[in-house]
Protein chains: 2
Amino acid sequence: MHSLVKLYDIETRPPSLGDNTGDLDRLKKVLSGYLRGRNPVVPFHRIAPVAKAFRQSGFKGCAAVIHYPDGPRLVDFFARAPEVLLGMALDLGTTHLEASLTDLLSGRVLARNTVENGQLEFGTDILTRIHFAANKVGIQTGLDLLHERVMTSIHSLALELTKEIRMKTSQIMALCVSGNTTMVHFFLKQDPYHLCREPYIPVVNGPDPFSASELNLELHPAAIVWVMPSIGSYFGGDLISGILASSLDRQEKTCMLIDVGTNAEVVVGNRDWLIACAGAAGPALEGGVARMGMRAEKGAIEHCTIDPESGEINYQTIGSTPARGICGSGVIDLVAGLYLARIIDIRGKFRPEQPQADGKLIQQGESLAYVVVPGEESGLGEPILLSQVDIDALMRSKAAMYSILATITNQVGVSFHDLHKIYVAGAFGKHISPRQAIVLGMLPDLPLEVYNPLGNSSLAGAELMLTDGSVRERCREVVAKVTYVELNVNQEFMIRFSGSRFIPHTDHTLFPSVPFYSDHE
Amino acid sequence: MHSLVKLYDIETRPPSLGDNTGDLDRLKKVLSGYLRGRNPVVPFHRIAPVAKAFRQSGFKGCAAVIHYPDGPRLVDFFARAPEVLLGMALDLGTTHLEASLTDLLSGRVLARNTVENGQLEFGTDILTRIHFAANKVGIQTGLDLLHERVMTSIHSLALELTKEIRMKTSQIMALCVSGNTTMVHFFLKQDPYHLCREPYIPVVNGPDPFSASELNLELHPAAIVWVMPSIGSYFGGDLISGILASSLDRQEKTCMLIDVGTNAEVVVGNRDWLIACAGAAGPALEGGVARMGMRAEKGAIEHCTIDPESGEINYQTIGSTPARGICGSGVIDLVAGLYLARIIDIRGKFRPEQPQADGKLIQQGESLAYVVVPGEESGLGEPILLSQVDIDALMRSKAAMYSILATITNQVGVSFHDLHKIYVAGAFGKHISPRQAIVLGMLPDLPLEVYNPLGNSSLAGAELMLTDGSVRERCREVVAKVTYVELNVNQEFMIRFSGSRFIPHTDHTLFPSVPFYSDHE
């Protein structure tokens with residue numbers, strides 16, 4: 001283990017007339033013995049507190065050194081070695097921030113927590129926020145406000161986490177931040193204007209690590225802030241984290257990593273090469289579009305099955321409480337079930353004439369909707385419906401998803417069957433049933449054991465960066481190694497997208513395990 | 001020439017869909033080609049302005065890089081290369097601050113100026129200020145006030161200097177500060193408490209270079225602040241500057257450097273070794289003690305002679321204006337003249353019976369005083385006197401001076417005659433007549449060509465640091481090489497001091513060129 005922050009035991013002779021070296025220089029000299037002769041740099045604002053603590057401790061104790069890429073920095077001194085040295089890992093999500101505290105001495109994760117992103121008020125999606133950033137709001141800009149909000153969210157997370165383990169935020173000596181490129185721009189208070197405009201260029205991909213005080217972060221004043229580098233506007237540090245957490249960059253056999261949020265981000269590769277792309281998958285998979293859609297939270301329909309013969313629906317909610325909505329994995333299960341029961345056709349359109357649809361479809365405005373949960377069973381006091389509009393949105397999302405996967409593998413001349421593992425990150429990976437996604441033609445028709453949920457790999461990558469020097473080295477290598485394919489202007493992607501807008505696909509030989517129902521039956 | 005700050009011409013292809021690297025990363029990548037593959041670090045607060053300037057300049061122009069000891073930092077970008085790049089050198093004196101502006105591109109000094117140290121109000125000498133620093137003054141400490149004052153003095157200097165050449169303080173991209181250890185503590189706002197208490201330990205000898213914004217210096221926000229390192233409380237960065245400016249550390253033959261202020265600081269050495277000491281020489285030599293003493297300014301008696309036969313005095317004032325006082329070199333000339341005319345004896349006591357003293361001595365309280373300038377000639381409207389008290393002070397100073405020189409040379413087994421050159425720094429070096437100092441037994445009896453005035457070598461050293469990378473390298477070597485001898489507790493020094501309290505010395509064979517008048521004549 002080679003943590004970002006390390007402690008070194010110090011014992012020196014007190015100064016004397018025969019040895020009149022300055023306090024700080026004395027300490028640095030002893031430390032340099034631990035640091036292969038490198039003299040640590042002391043940030044200006046740490047000169048006084050470090051020198052004072054060293055003297056008051058009687059010139060012995062324990063020095064805290066942060067290992068920046070350009071060399072060690074001496075930032076604190078303790079009379080007695082602390083038992084725990086806190087590092088915070090942070091996944092800067094568009095809707096939620098998830099963070100954990102790691103003990104940098106043992107590598108143990110001590111606490112984990114989530115808060116809503118305080119920016120939601122200014123737009124649920126990234127694009128709305130980018131536009132909001134350019135506004136003037138009194139004497140502030142939208143960017144100022146967005147930055148403030150995310151800082152407040154981070155501070156409240158840090159406060160809750162440290163409270164949980166009876167420590168203080170000022171004891172957090174390192175923060176590793178992983179997020180999409182736009183969220184990182186808001187965090188760093190950088191203008192996001194060009195992120196959403198061709199050719200989609202960030203202000204910065206890989207900011208150099210800096211001190212918490214430079215961003216007024218209420219952590220230890222000299223805490224290091226390390227931001228996971230991005231590769232492009234649509235390929236953020238969260239995905240670099242995913243590559244590191246899944247060890248995609250070290251695999252002998254070619255694997256794939258899929259991260260689905262508002263965008264679907266995909267990396268294919270092994271220890272020799274990595275190719276990546278990202279594309280708008282639509283918010284359907286996040287539960288953001290369906291009228292009854294919701295995040296994977298208590299009361300969300302997480303999974304369901306429809307009996308193909310009777311049309312009977314069976315569902316489970318998260319927390320087993322009355323249903324309040326449907327999350328992404330629920331929508332996938334539901335639409336796959338509707339298809340297998342032939343309540344929708346290969347285009348995803350309702351077939352009211354189908355017996356299994358009897359009493360299940362109601363008129364909603366000009367189109368039909370499927371009653372997932374009747375009003376009397378629902379936790380909302382009204383029925384939970386899946387409308388034609390919702391299904392259409394999912395069809396676009398699943399088409400985008402499959403086209404992205406097909407395009408990127410084709411670009412490198414790899415067939416789906418060559419993939420050793422497919423890692424699926426995030427809530428999507430945690431909740432999704434790969435089988436139902438295959439039925440829809442969203443994921444390739446591969447043995448289910450190929451699919452591996454990865455959990456919050458954005459957070460996991462950030463945690464690794466805190467404690468593992470070899471991961472920091474790999475991070476640099478990954479950034480240099482990834483080839484990014486821009487799909488926004490990719491012809492092949494556009495063509496594949498059209499073919500993918502059917503269940504499972506126009507070319508049903510691609511999905512041998514999925515029953516194909518011709519419209520003409 | 002290898003300046004601290006350098007410009008690099010940049011021309012890159014604008015970003016495109018096929019090359020979507022972030023603005024700052026694009027710039028850094030091109031720059032690293034100039035920097036032997038090293039990626040420059042961008043300080044957090046410079047990310048936005050540098051990236052913006054780079055984009056607005058159409059991705060071409062000129063990047064400003066500061067060469068920190070731990071690597072290059074990219075701090076600014078210009079659409080067109082500036083013709084001049086400003087660096088400021090500053091001699092942080094106890095009574096005066098002297099500074100110059102250097103063009104870091106050509107190495108040319110563009111302006112030079114002096115202001116009074118704004119701290120004078122809190123004490124003319126260092127010791128008073130150190131004690132004042134510990135006071136509470138309202139909600140501030142004395143240290144806060146002392147720091148504020150010196151900052152104000154620096155800002156007014158910077159403002160005047162830049163005005164003179166029609167530029168702005170925000171264009172100053174580097175500041176190199178040279179001063180005694182206490183003044184540097186005030187500048188850095190570090191507690192000076194232990195500087196004057198045995199064993200005299202500074203908080204810091206060699207602070208790492210930092211950014212102007214960290215000290216709220218109103219220069220370029222990313223200007224580098226480089227402070228000349230000290231070796232001890234009584235051996236400051238100003239003397240390190242002197243070593244560098246005189247090239248003492250590169251001399252084949254052994255030389256000596258003398259810097260006289262309130263303390264006398266002395267270095268002996270050559271390219272192989274350097275030994276240094278400092279001792280209280282008393283303020284007499286700065287013109288600080290004599291009632292009519294003053295700094296070497298307009299109206300100060302700078303030089304004088306007394307005809308040994310007639311006792312007639314002849315003097316020159318600085319600026320040739322009516323005399324207003326006597327500066328250090330004037331006092332030395334005067335006392336030497338009094339001795340050669342036998343108006344004082346070898347102990348420095350008045351001999352009123354001597355004919356040359358006729359009409360020149362007046363009673364002042366319980367002791368006598370010598371009338372240097374009668375009231376009707378003086379610029380003060382009253383006579384300018386040299387009292388017995390003044391002479392006694394000088395006798396102590398000259399004894400201290402000679403004892404320091406004798407002790408340090410003896411410590412290294414070098415005789416005065418082995419010294420190839422003696423560099424005399426500062427106002428003392430500029431104004432003093434080595435011959436008169438020899439008569440007094442203050443300086444060793446050597447051929448006059450051995451003595452070389454050095455000017456403000458504290459400032460000169462700082463100027464060299466700005467533009468010459470090899471000097472910065474030598475600075476590190478000098479600090480590592482100097483052996484410092486503490487005289488405050490040195491037995492040999494105390495013994496030598498007693499023997500030196502006579503004119504020229506108890507052992508008059510040490511001064512063969514000086515007439516010796518026994519008391520018994």
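This structure is a prediction, so every number in the text was calculated from the model and none was measured.

In this section: the relation of the copies chain A and chain B. When chain A is fitted to chain B, the best match, at an RMSD of 0.1 Å, comes from turning it 180° and sliding it 0.0 Å along the axis. Both copies are brought into coincidence by an operation consistent with a two-fold rotation axis. Nearest to the rotation axis, the C-alpha of D70 of chain A is located 3.3 Å from it, this being the minimum over chain A. Comparing interface residues between copies, 100% of those in chain A also sit at the interface in chain B, which points to an isologous, same-surface contact.

With that settled, consider the environment of L386 of chain B. Residue and element names in this part refer to chain B. Considering the arrangement of structural elements, one finds L386 in strand β20 (residues 384-387). Classification of L386 by relative accessible area gives buried; the value is 0%. Between the C-alpha atoms of L386 and G293, which are 93 residues apart in sequence, the distance is 8.9 Å. Residues in contact with L386, not counting those within four places in the same chain, are I326, L334, V335, L338, F350, A369, Y370, V372 and I391.

The subject of this paragraph is the state of the cysteines. According to the stated counting rule, one finds zero disulfides over all chains in the structure shown. Sulfur of C475 of chain A: no disulfide; nearest cysteine sulfur belongs to C176 of chain A and is 8.0 Å away.

So, about the interface of chain A and chain B. Contacts between the two partners involve 44 residues from chain A, matched on the other side by 44 residues from chain B. Each partner contributes to the roughly 3600 Å² buried at the junction of chain A and chain B, and carbon and sulfur atoms together form 57% of this total. When residues of chain A are sorted by the area they lose upon contact with chain B, L17, N20 and F44 of chain A head the list and together hold 22% of the total. Counting across the chain A and chain B interface gives two salt bridges. Across the salt bridge formed by K28 of chain B and D208 of chain A, the nearest N and O atoms sit 2.9 Å from each other.

All names here are of chain A. The terminal C-alpha atoms of helix α7 (residues 328-340), which comprises 13 residues, lie 18 Å apart, in line with the 18 Å expected from a rise of 1.5 Å per residue. For α7, the tally of buried residues reaches 12 of 13 residues, placing the bulk of the element in the interior. Here α7 has its buried residues at G328, S329, G330, V331, I332, D333, L334, V335, A336, G337, L338 and Y339. Just past α7, the residue R342 takes up positive phi, approximately 60°.

Okay, helix α4 (residues 142-164) of chain B next. With 23 residues, α4 of chain B ought to run about 33 Å at 1.5 Å a step, and its terminal C-alpha atoms sit 33 Å apart, in line with that. Looking one or two residues past α4 of chain B, R166 of chain B carries a phi angle of roughly 55°, positive in sign.

All right, on to the environment of K298 of chain A then. All names here are of chain A. Structurally, K298 is set in the loop between β14 (274-280) and β15 (300-306). Exposure remark for K298: the relative accessible area of 61% places this residue in the exposed category. A sequence separation of 26 residues divides K298 from R324, and the C-alpha atoms of the two residues are 8.3 Å apart. Excluding anything up to four places from it in sequence, K298 contacts I318, G319, T321 and R324.

The next point concerns the pairing of strand β20 (residues 384-387) of chain A. Each regular strand displays side chains that alternate between the two surfaces of the sheet. All names here are of chain A. The alternating pattern of β20 places I384 and L386 on one face and L385 and S387 on the opposite face, and all of these are buried. Note that strand β19 (residues 367-373) and β20 share four bridges and pair antiparallel. When the bridges of β20 are listed, V371 appears paired with L385.

Basis of the calculations
Residues numbered from 1 in each chain as written. Chains lettered and ligands numbered in written order. Predicted model: local features only at pLDDT ≥ 70, side-chain atom pairs only at ≥ 80, totals over all residues. Heavy atoms only, no water. Least-squares fit on C-alpha atoms with pLDDT ≥ 70 in both. Contact = heavy atoms within 4.5 Å. Helix = DSSP H or I, 4+ residues; strand = E, 2+ residues; numbered from the N terminus. Buried < 20%, exposed > 50% of the residue type's maximum accessible area, 1.4 Å probe, protein only. Disulfide = S-S within 2.5 Å. Buried area = accessible area lost by both parts, 1.4 Å probe. Salt bridge = Lys/Arg side-chain N within 4 Å of Asp/Glu carboxyl O. Expected span 1.5 Å × (residues − 1). Pairing = 2+ DSSP bridges.

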